[in-house]
There are 12 protein chains.
Amino acid sequence: MNATYKMEELVGSSTESFADAARNAVEKAASSMGEAAWFEVVEMRGAVREGMVAEFQVKLKVGCKV
Amino acid sequence: MNATYKMEELVGSSTESFADAARNAVEKAASSMGEAAWFEVVEMRGAVREGMVAEFQVKLKVGCKV
Amino acid sequence: MNATYKMEELVGSSTESFADAARNAVEKAASSMGEAAWFEVVEMRGAVREGMVAEFQVKLKVGCKV
Amino acid sequence: MNATYKMEELVGSSTESFADAARNAVEKAASSMGEAAWFEVVEMRGAVREGMVAEFQVKLKVGCKV
Amino acid sequence: MNATYKMEELVGSSTESFADAARNAVEKAASSMGEAAWFEVVEMRGAVREGMVAEFQVKLKVGCKV
Amino acid sequence: MNATYKMEELVGSSTESFADAARNAVEKAASSMGEAAWFEVVEMRGAVREGMVAEFQVKLKVGCKV
Amino acid sequence: MNATYKMEELVGSSTESFADAARNAVEKAASSMGEAAWFEVVEMRGAVREGMVAEFQVKLKVGCKV
Amino acid sequence: MNATYKMEELVGSSTESFADAARNAVEKAASSMGEAAWFEVVEMRGAVREGMVAEFQVKLKVGCKV
Amino acid sequence: MNATYKMEELVGSSTESFADAARNAVEKAASSMGEAAWFEVVEMRGAVREGMVAEFQVKLKVGCKV
Amino acid sequence: MNATYKMEELVGSSTESFADAARNAVEKAASSMGEAAWFEVVEMRGAVREGMVAEFQVKLKVGCKV
Amino acid sequence: MNATYKMEELVGSSTESFADAARNAVEKAASSMGEAAWFEVVEMRGAVREGMVAEFQVKLKVGCKV
Amino acid sequence: MNATYKMEELVGSSTESFADAARNAVEKAASSMGEAAWFEVVEMRGAVREGMVAEFQVKLKVGCKV
């Protein structure tokens, strides 16, 4: 009862989509965080190279049980 | 002329992507709203289970003709 | 050194996804902008027709080398 | 005592002014809402046609007694 | 699966505390909304009379299962 | 040189328009403030009575020379 | 008619609750302000000492009749 | 299909009203922009001279077809 | 001199009040953080069950001496 | 105990830097405010003349003991 | 009278300070913009290399006479 | 490829300038964070003592390679 969570802020990236960038951030950081329960998108950006989108980037906060 | 719209706020979800979560919200609520014309994304979140993204969630406002 | 960038603000659209709408905006405007280096998502919206999502729209700022 | 209100979000439009667009939204929706007490402007936009402002649009929330 | 929620925006009030104002809004509106699952505080205000706080007011959005 | 200004925050109202509400706030408070140089709109609201807009209200900050 | 208000911004504190911190700010400043009519919460913070919350702080704007 | 727009940010002014300031910005800049389709208000300010509002100013973004 | 702090972001909950939820977060996490000096409220939410508020939740950032 | 503060909003300027503009605002207004304890930056702007930055301007709120 | 301005958004950088980064952006872009009158800071960031701040970056909007 | 970053939030201070406060935060925390790549300014404040600015404080997020 009265659970407490810690928010970790991450930035993930993907050449495919914003959803994939979020997945990559959560999954890569999973082992070093507590038990993750949800995430919240904070910012979406990307890299452009030679006039094309080269990378989608998502900054998100992950809620982890303390 | 001088059209009036009502905004309905919804949260949709999908195991696949943010775009799919938006589609699910709009389409499930379509029958109970007036004639929807556009939507605006308010927030993007998701659920995490066992270190993986289990669900993408999109909160959006839908503009419906009054 | 001490590079300067100009931000161009664009809106792109796609019938498929938000990522695709971002790609379309960056790629269509590439020829008339300077050398683009990154983009930042400002707003996500979409059009609804007959109760279904007809178009995903992404407003973004593109950073171009001056 | 301890009154409760429900906020309805509307978009109104006018060819004349922002004030008129707010008036049109409140008055058109009045019959289908509870007793309205106040409104808050959320966003102001407009349509442009042939280089001229064709329509002022105001998105607002109306507080209605429950 | 892929649950959809509708957000209702309410303002509640209390002479005691912000928590009580939130409780009053959720509980008074419960019967006319779908099954409520969570709420988010949007704004906190209050009324002052004769130099004392006469009322705490909380504007909140309630997520209800569609 | 290196002028300093103090911001005063006011709310004005009008039965006519938002511009008029701003004018009323600035002009009524002018005598009790220092020399006002500019204003910035912070919020626009209004009162509704019997289903019609009864008052436009504008909250603004006024910059006054110290 | 067309009343004008001045907003005063205050920070109050309490060892008990956020509501109490708001009450303390309004009541302590009442004698030096005009006739206060409402307040709006701007920020909520607090002090921590020896791992415990030592003080709740509320920053608020008070609307006072001019 | 999949239209792309460029946002231009302008500030217009008027001695009469905010609506007029928006009109002046859109119409003066029309000839040097692409085909404008809509505008979004970003900020509303004004100049004060001798205790009276001397000018209403509106900052807006205009969406122009690329 | 020139002290440096690290902000930790937490979510606490309580069945009683927002103040209590803040207290629970700070006190539960105290042992695993550096010496906490202040907190800032980021978001207030809650859980609803059977039409009643079941839990108040406060997201906050805690400033800890490095 | 349970100290109360009043926030004063100021704009300072400097030909040198943002830090200097903040210093100028605080120091010039010090004599007419209560005992100032801290400031918060609200906005940073500047004037440009003949293609060069002529002035840095900082808008800030100063917390003064009541 | 009724002057119209166009806002240009730039990012400048400096190894020294935020003020210098703003100066570099305004001065480098001056020749390709109309007559610049003021700037507004939108964002401040920087690059870090080997544990030290390598570059201060300022994103700003410049108001140029049309 | 598809790099992941963790954001650490810090507050640094300086008696000299905002740039110096940012430098102090990044450099003091460098040894306990992963490899830092960039920072983003979140908030700028300061302490005032005897009517003078005694300290500039910068809250920032640092992006560190995971």
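Further up the page is the structure itself.
In this text, all values refer to a predicted model and were calculated from it rather than measured experimentally.

A. Structural context of the interface of chain C and chain A. Listed by partner, the interface residues are 14 residues for chain C and 14 residues for chain A. Taken together, both faces of the contact between chain C and chain A bury some 1200 Å²; the carbon and sulfur share is 66%. By the criterion of area lost to chain A, the three top residues of chain C are Arg23(C), Glu27(C) and Phe39(C), representing 39% of everything that side buries. Where chain C meets chain A, there are 1 salt bridge. Of the charged contacts in the structure, one is a salt bridge between Arg45(A) and Glu40(C), with a shortest N-O distance of 3.9 Å. Counting across the interface, chain C meets chain A through 4 residue pairs in polar contact (both at pLDDT 80 or more).

B. Fine view of the relation of the copies chain C and chain A. Overlaying chain C on chain A yields an RMSD of 0.0 Å, the required transformation being a rotation through 120° with an accompanying axial translation of 0.0 Å. What we have between these two chains is a three-fold relation. When each C-alpha of chain C is compared by its distance to the rotation axis, Phe18(C) comes out closest, at 4.5 Å. An asymmetric contact is evident, with only 14% of the interface residues of chain C recurring at the interface of chain A.

C. Inspection of the environment of Leu60(H) at higher detail. All names here are of chain H. With respect to the helices and strands, Leu 60 occurs in strand S3 (residues 52-65). The exposure class assigned to Leu 60 is buried, which follows from its relative accessible area of 0%. Between the alpha carbons of Leu 60 and Phe 18 there is a distance of 11 Å; along the sequence they are 42 residues apart. Excluding residues that lie within four positions of it along the chain, Leu 60 makes contacts with Glu 8, Glu 9, Leu 10, Ala 22, Ala 25, Val 26, Phe 39, Glu 40, Val 41 and Val 42.

Definitions and cut-offs
Counting restarts for each chain, with residues numbered from 1 along the sequence as it is written. Chains and ligands are labelled by the order in which they are written, letters from A for the one and numbers from 1 for the other. The predicted nature of this model means local features are confined to residues of pLDDT at least 70 and side-chain atom pairs, given and counted, to a pLDDT of 80 or more, with totals for whole chains, interfaces and linings taken over all residues. Working from all heavy atoms in the structure, the side-chain values ignore hydrogens and water. Throughout, a contact is declared for two residues whenever any of their heavy atoms are within 4.5 Å. Buried area: the accessible area, evaluated with a 1.4 Å probe, that two parts lose upon being put together, summed over both parts. Salt bridges, as used here, are contacts in which a Lys or Arg side-chain nitrogen is within 4 Å of a carboxyl oxygen on Asp or Glu. We define a polar contact as two N or O atoms separated by no more than 3.5 Å, with the added condition that, inside protein, one atom must be a possible hydrogen donor and the other a possible acceptor, whereas residues neighbouring each other in sequence contribute only through side-chain atom pairs. When the copies are overlaid, the least-squares fit takes in C-alpha atoms only where the residue has pLDDT of at least 70 in both copies. Per the convention used, a helix needs a DSSP run of H or I reaching at least four residues, while a strand needs a run of E reaching at least two, with both numbered from the N terminus. Partly exposed residues are those whose accessible area sits between 20% and 50% of the maximum for their type, while under 20% is buried and over 50% is exposed, using a 1.4 Å probe and protein chains only.

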